Amino acid sequence: MKYNWNDEERDITIDQGFCTFNYGFEFLDCHQRIIITPDTLTSMLSLTNALGIKYGAACYGYHAMGKTETIKELAKLMGIFFIDFNCSATMNVVQLSCLLRGLIQSGTWVNFSNLFIVKPEVLSIIGEHLYALRNASLANLKKFEVGGYEVQLNHNYGVFVTSPAETSQEIPESTKDYFRPVSIATIDSKLIVEAELIAQGFTSASEWAYKITSFINACRDEFSRDQSQTYGMTTIR
């Protein structure tokens, strides 16, 4: 990821792969950042490639694999406001359309956690709105109509989905095709733990990181995998 100053537009641009984005200038206070590993960089490259061709991105993987945190960290790097929205079965078209219109006008990134819970008939209509949004973005329009409302189009917007891989079949094809799949199946636990231990002042960080991750991996192999026994980064921390 490379930051550049554009003298003509007097703006900061970000180059990632073959894509170029405008910096969002969102206020970033002092907050905890994630450890960037080679796997994280690969995931971020896939996410930005999806945004570059005006699609959304769907991160699939086990619980506590850092799917949402990776998207959130990418939003911070690009200076864009990020919303993590937890979906429910009671959501309707009006609620999702209002949220969609808001993020389009403000240039916000939104992540729909567990989108598969929403009713299929609702997701089918939202899928039509998303493709109308993509067509407007490709045409570089400043305004377009969605859900019966004409809204300003801020091209910094981003739409993401995070869910387990096995639930992707429950999302209608018309909606699922809008999201480019990004698999986050593994994490470099040892490298992350070692970096966090070094930050905390441990002198034997590499040795302790090996012991901690070996214990967690042994637990993952011996015990069943369910919602209460994920043995991801949440367990390690």
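Scroll up for the structure.
Residues numbered from 1 in each chain as written. Predicted model: local features only at pLDDT ≥ 70, side-chain atom pairs only at ≥ 80, totals over all residues. Heavy atoms only, no water.

Caption draft 1: Region of interest: the side chain of Ser137. Topologically, Ser137 is positioned in helix α4 (residues 120-138). Ignoring sequence-local partners within four residues, the contact set of Ser137 consists of Lys54, Leu153, His155 and Tyr157. (Helix = DSSP H or I, 4+ residues; strand = E, 2+ residues; numbered from the N terminus. Contact = heavy atoms within 4.5 Å.)

Caption draft 2: Fine view of the packing of aromatic side chains. Applying the stated criterion across every chain, the model contains seven aromatic pairs. Ring geometry for Tyr131 versus Tyr178: centroids 5.9 Å apart, planes at 75 degrees, classification edge-to-face. You can see Tyr131 sitting in helix α4 and its partner Tyr178 sitting in the loop between α5 (173-176) and β10 (179-183), a full 47 residues away along the chain. Measuring from centroid to centroid gives 5.2 Å for Tyr178 and Phe179, while their planes differ by 85 degrees, and the two rings are edge-to-face. Judged by its relative accessible area of 0%, Tyr178 falls in the buried class. Residue classification places Phe179 among the buried residues on the basis of a relative accessible area of 6%. One aromatic cluster is present, formed by Tyr55, Tyr131, Tyr178 and Phe179 through successive ring pairs. Lying over the aromatic face of Tyr55, Arg134 brings its terminal NZ or CZ to 3.9 Å of the ring centre. Across the ring face of Trp208, the terminal group of Lys211 is positioned such that the distance to the ring centre comes to 5.1 Å. (Phe/Tyr/Trp six-rings, centres within 6.5 Å; stacked < 30°, edge-to-face > 60°. Buried < 20%, exposed > 50% of the residue type's maximum accessible area, 1.4 Å probe, protein only. Lys NZ or Arg CZ within 6 Å of the ring centre and 35° of its normal.)

Caption draft 3: Representation of the sheet that holds strand β2 (residues 11-16). A sheet is described by the order of its strands in space; here three strands give the open sequence β1-β2-β3, paired in antiparallel fashion. Strands with a single pairing partner mark the edges of an open sheet, and in this sheet they are β1 (2-6) and β3 (19-22). Taking each pair of neighbouring strands and ignoring which way they run, the sheet shows an average axis angle of 30 degrees. Along the sheet, helix α1 (residues 38-52) contacts β2 and β3; its crossing angle with β3, the most-contacted strand, is approximately 80 degrees. (Pairing = 2+ DSSP bridges. Axes fitted to C-alpha atoms, helices over the stretch in contact; angles between N-to-C directions.)

Caption draft 4: Focus on the sheet that holds β10. Strand order in this open sheet of five strands is β5-β6-β9-β4-β10, and the pairing throughout is parallel. Each edge of the open sheet is held by one strand with a lone partner, namely β5 (82-86) and β10. Between one strand axis and the next, the sheet turns by 25 degrees as a mean value, whatever way the strands run. Where strand β4 (residues 56-60) and β10 come together, five bridges link them in parallel fashion. The residue bridging Cys59 from the neighbouring strand is Val182, located in β10.

Caption draft 5: Spotlight on unusual backbone geometry. Unlike most non-glycine residues, Phe25 shows phi in positive territory, near 60 degrees. Tracing the backbone through its elements, the reader meets Phe25 in the loop between β3 and α1. Phi is positive for Lys54, close to 65 degrees, though the residue is something other than glycine. Checked against the element boundaries, Lys54 lands in the loop between α1 and β4. For Lys54, a relative accessible area of 23% corresponds to the partly exposed category.

Scope: geometric values only; no functional claims are made or implied.
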